[in-house]
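Coordinate inspection notes
The chain contents come next:
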Amino acid sequence: MEAKRRSGILLHISSLPSVHGIGDFGDEAYRFIDQMASNGFSWWQILPLGPVGPGDSPYQAFSAYAGEPLFISLEKLIQWDLLNNEDIVVNVLISGTKVDYKKVRTIKEPLIKLAWKNFQDHADDNFKHEFLHFQQEHNWWLTDYALYTVCKEKFESLPWNKWDKKLAERKSQAVQAALNLYNEEILYVKFIQFLFFRQWFQLKAYANQKGIQLFGDLPLYVSHDSADVWGNQKLFLLDENGEPKLMGGVPPDYFSEDGQLWGNPVFNWNRLKQTNYQWWISRLYFNFHLFNMVRIDHFRGLESFWAVPHGSDTAKNGTWMPAYGAEMLQILQTQLGHLPVIAEDLGIITPEVDQLRDQFMLPGMKVLQFAYTSDETNVHLPHNYQGPNVVYTGTHDNNTLGGWLSELSSEEKKTIDLYFPNCTNRGEEQFLELVWGSSAGLAIVPFQDLIRLNGKGRMNVPGTATGNWTWRYKHSMVKSKHWDYFKKLNTIYNRHNG
């Protein structure tokens with residue numbers, strides 16, 4: 001992260017406005033970049049881009065590499081002569097503030113398939129050569145993902161360990177037979193990813209040209225039902241049936257009295273060590289190419305991780321087990337020098353985790369909503385910031401700033417009153433200015449806080465399986481005064497992008 005004071009906005013791609021029911025890589029994304037740049041912001045932080053699984057969570061994707069097809073802009077496909085204007089029927093029923101993933105898929109998927117037919121029929125040689133080059137460049141992950149996607153459909157969406165046994169165990173003859181049998185379907189999946197990444201890298205180039213850096217999010221774990229676990233089973237602690245022996249999560253904390261049980265398989269760190277951490281290093285290189293900076297979610301899991309026996313109902317009865325993240329990061333640092341990484345160091349953090357973060361000079365995270373839960377020693381209070389940090393009013397897992405203020409506990413109110421006896425007179429502005437005036441090198445505001453939404457604008461409630469990840473905004477929610485206020489803050493607190 002650069003030494004200058006900077007600011008950014010947290011907004012997932014899905015939350016952008018769109019007549020097609022979900023944000024995408026089209027004109028609205030470019031418009032958002034322009035607005036950020038003209039109002040002094042330098043960073044756009046988004047959530048993981050992978051193809052979402054059950055619950056539509058970007059943190060439970062079917063692949064650590066592939067992109068969510070719904071983010072492909074239909075308008076861009078028209079510009080590329082893969083669709084015509086008359087192919088697109090605008091459904092105004094999905095232009096509201098919630099993403100209906102099932103409905104959006106019924107609209108977008110047939111149009112992307114039509115784009116594939118048009119590409120095959122009349123794309124020029126340069127376009128087809130570009131697709132061929134993409135397949136060659138990404139073959140190391142793309143073929144496995146495409147085969148996984150096709151097989152999952154053939155086996156009626158069952159997880160990979162419930163498929164035909166030889167295919168589930170990746171016997172070479174079974175894999176090759178499936179590659180031959182489903183060749184056309186596999187090529188189509190690859191084409192979808194080609195469109196995704198072609199649009200993404202065009203957007204990234206535009207953002208960087210405008211002085212906006214893209215800040216990505218990398219979940220520590222991958223979903224059990226994913227191309228990654230199916231293709232690399234020895235790198236995870238699985239039983240003879242392919243089920244996780246141990247599941248990832250965290251013990252009881254601020255978010256949940258039962259802890260958080262994610263269900264992801266934990267890594268076999270001994271096996272990773274034997275391979276010189278090739279899987280992890282490849283994954284990080286891939287993300288460094290996608291983004292200008294990457295947040296490693298649940299960073300503490302690179303030092304030690306909470307492992308819960310498979311079949312548990314809560315995360316209470318787990319065990320801390322050692323990870324070898326220091327060795328992996330050391331290899332990476334030797335190759336790259338500077339690591340463009342932010343450590344998500346929230347929750348139960350030990351001196352060993354602090355040491356790991358500081359060893360590689362990685363900025364950590366501070367969240368204002370956590371600052372008033374104890375006393376004056378709370379590390380999230382701005383007067384206690386030490387070292388490089390990224391500060392947030394709240395993250396995607398928090399309530400909005402307005403929602404938080406309306407639901408403060410009596411103890412939090414007492415603590416806040418020590419610092420701001422009349423904070424209700426100015427409401428959210430008092431806290432926004434505290435964040436912007438802090439010593440943190442980068443200050444991030446969720447877009448919901450920028451436009452002053454209440455708790456109805458919340459993106460995610462940890463520990464709940466449904467109703468999350470659907471929020472998006474409409475233009476009518478955003479006023480010029482919202483942008484003007486932050487342009488002023490960026491200037492006053494020396495965070496402007498000049």
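Everything below is about the structure shown above.
First things first, this report covers the structure right here in the doc. The numbers attached to residues start from 1 for each chain and follow its sequence in the written order. pLDDT decides what is reported in this predicted model: residues at 70 or higher carry local features, side-chain atom pairs at 80 or more are listed and counted, and totals for whole chains, interfaces and linings draw on all residues regardless. The side-chain figures draw on all heavy atoms in the structure; neither hydrogens nor water molecules are used.

1. Notes on the packing of helix α15 (residues 428–436) against helix α17 (residues 480–492)
Note on geometry: axes are lines fitted to C-alpha atoms, helical ones only across the stretch in contact, with angles between N-to-C directions running from 0 to 180 degrees. Under the DSSP-based scheme used, a helix requires at least four consecutive residues in state H or I and a strand at least two consecutive residues in state E, with every element numbered from the N terminus. Between α15 and α17, the shortest axis-to-axis distance is 10 Å and the interhelical angle comes to 35°. In this structure, the crossing between α15 and α17 has a hand that is right-handed. On α17, the residues touching Glu429, Leu432, Glu433 and Trp436 of α15 are Tyr485, Phe486, Leu489 and Asn490. Residues are grouped as follows: Ala, Val, Leu, Ile, Met, Phe, Trp, Tyr, Cys and Pro are nonpolar; Asp, Glu, Lys and Arg are charged; every other residue, Gly included, is polar. Residue classes in the contact of α15 with α17 are distributed as five nonpolar, one polar and two charged. Crossings are assigned a handedness: left-handed for a near helix turned anticlockwise from the far helix by less than a right angle, right-handed for a clockwise turn. What makes two residues a contact is simply this: any of their non-hydrogen atoms within 4.5 Å.

2. Here's the deal with the sheet that holds strand β5 (residues 260–265)
Reading across from one edge, β5-β4-β7-β8 is the order of the four strands in this open sheet, with antiparallel pairing throughout. Of all strands in the sheet, those bounded by a partner on one side alone are β5 and β8 (319–322). Averaged over all adjacent pairs, the angle separating strand axes in this sheet is 50°, with direction ignored. Across four bridges, strand β4 (residues 246–250) lies against strand β7 (residues 304–309) in antiparallel orientation. In the sheet register, Met247 faces β7, and the bridge partner there is Val308. Strand pairing is assigned whenever DSSP detects at least two bridges linking the two strands.

3. Overview of the nonpolar core
With 160 residues, the main nonpolar core has Ile9, Phe32, Trp44, Trp280, Leu302 and Phe447 as its most contacted residues. Looking at which element gives the most residues to this core, the answer is helix α7 (residues 183–209), with twelve residues. Apart from residues lying up to four places away in sequence, Ile9 is in contact with Phe32, Met36, Phe41, Trp43, Trp44, Gln45, Ile444, Val445, Phe447, Leu450 and Trp483. For this analysis, a nonpolar core means a set of buried residues of the types Ala, Val, Leu, Ile, Met, Phe, Trp, Tyr and Cys, connected via side-chain atoms within 4.5 Å. Accessibility here uses a 1.4 Å probe with only protein chains present; expressed as a share of the type maximum, an area under 20% marks a residue as buried, one over 50% as exposed, and anything in between as partly exposed.

4. Examining the packing of helix α3 (residues 101–122) against helix α4 (residues 125–154)
Between α3 and α4, the shortest axis-to-axis distance is 9 Å and the interhelical angle comes to 120°. By the angle between their directions, the pair α3 and α4 is classed as oblique. Of the two elements, α3 crosses α4, and the hand of that crossing is left-handed. Residues Trp116, Phe119 and Gln120 of α3 lie in contact with α4, whose contacting residues are Phe127, Lys128 and Phe131. Its residues assigned to classes, the contact of α3 with α4 comprises four nonpolar, one polar and one charged. Roughly parallel means an angle under 35 degrees; roughly antiparallel means over 145; roughly perpendicular covers 65 to 115; every other angle is labelled oblique.

5. A word on the sheet that holds strand β10 (residues 364–367)
The sheet built from eight strands is open, its strands ordered β9-β6-β3-β2-β1-β12-β11-β10 with parallel pairing. Single-partner strands in this sheet number two, and they are β9 (341–343) and β10. Going from strand to strand, the sheet's axes swing by 25° on average, the running direction of each strand aside. As judged from the five bridges shared by strand β3 (residues 213–219) and strand β6 (residues 293–297), these two strands associate in the parallel manner. Following the sheet pairing, Gly216 is matched in β6 by Val294.

6. Notes on the packing of aromatic side chains
By convention, a stacked pair of Phe, Tyr or Trp rings (six-membered ring in the case of Trp) has centres within 6.5 Å and planes under 30 degrees apart, an edge-to-face pair has planes over 60 apart, and any other such pair is tilted. As enumerated under the stated definition, the model contains 63 aromatic pairs in all. Both rings, one in Phe32 and one in Trp44, keep their centres 4.9 Å apart while their planes meet at 65°; by these two values the pair is edge-to-face. In this pair, Phe32 sits in helix α1 (residues 27–38) while Trp44 sits in strand β2 (residues 43–45), placing the two residues twelve residues apart along the sequence. The class for Phe32 is buried, based on a relative accessible area of 0%. Ring centres of Tyr372 and Tyr419 lie 6.0 Å apart, and the angle between their planes is 65°; this geometry places the pair in the edge-to-face category. Note that Tyr372 is positioned in the loop between β10 and β11 (389–392) and Tyr419 in helix α14 (residues 410–419), a separation of 47 residues in sequence. A relative accessible area of 1% places Tyr372 in the buried class.

7. Structural notes on the side chain of Asn118
Residue placement: Asn118 occurs in helix α3. On the basis of relative accessibility, which here comes to 13%, the residue Asn118 falls in the buried class. Residue contacts for Asn118: discarding those within four places in its chain leaves Leu82, Leu83 and Ala123.

8. A word on the pairing of strand β12 (residues 442–446)
Among the five residues of β12, five are classified as buried, and the element is accordingly described as predominantly covered. Neither face of β12 is exposed, since Leu442, Ile444 and Pro446 on one face and Ala443 and Val445 on the opposite face are all buried. Pairing of strand β1 (residues 6–10) with β12 involves five bridges; the strand directions are parallel. By the bridge assignment, Arg6 is partnered in β12 with Leu442. Examined bridge by bridge, β11 and β12 share three bridges and lie parallel to one another. Note on β12: the bridge partner recorded for Val390 is Leu442.

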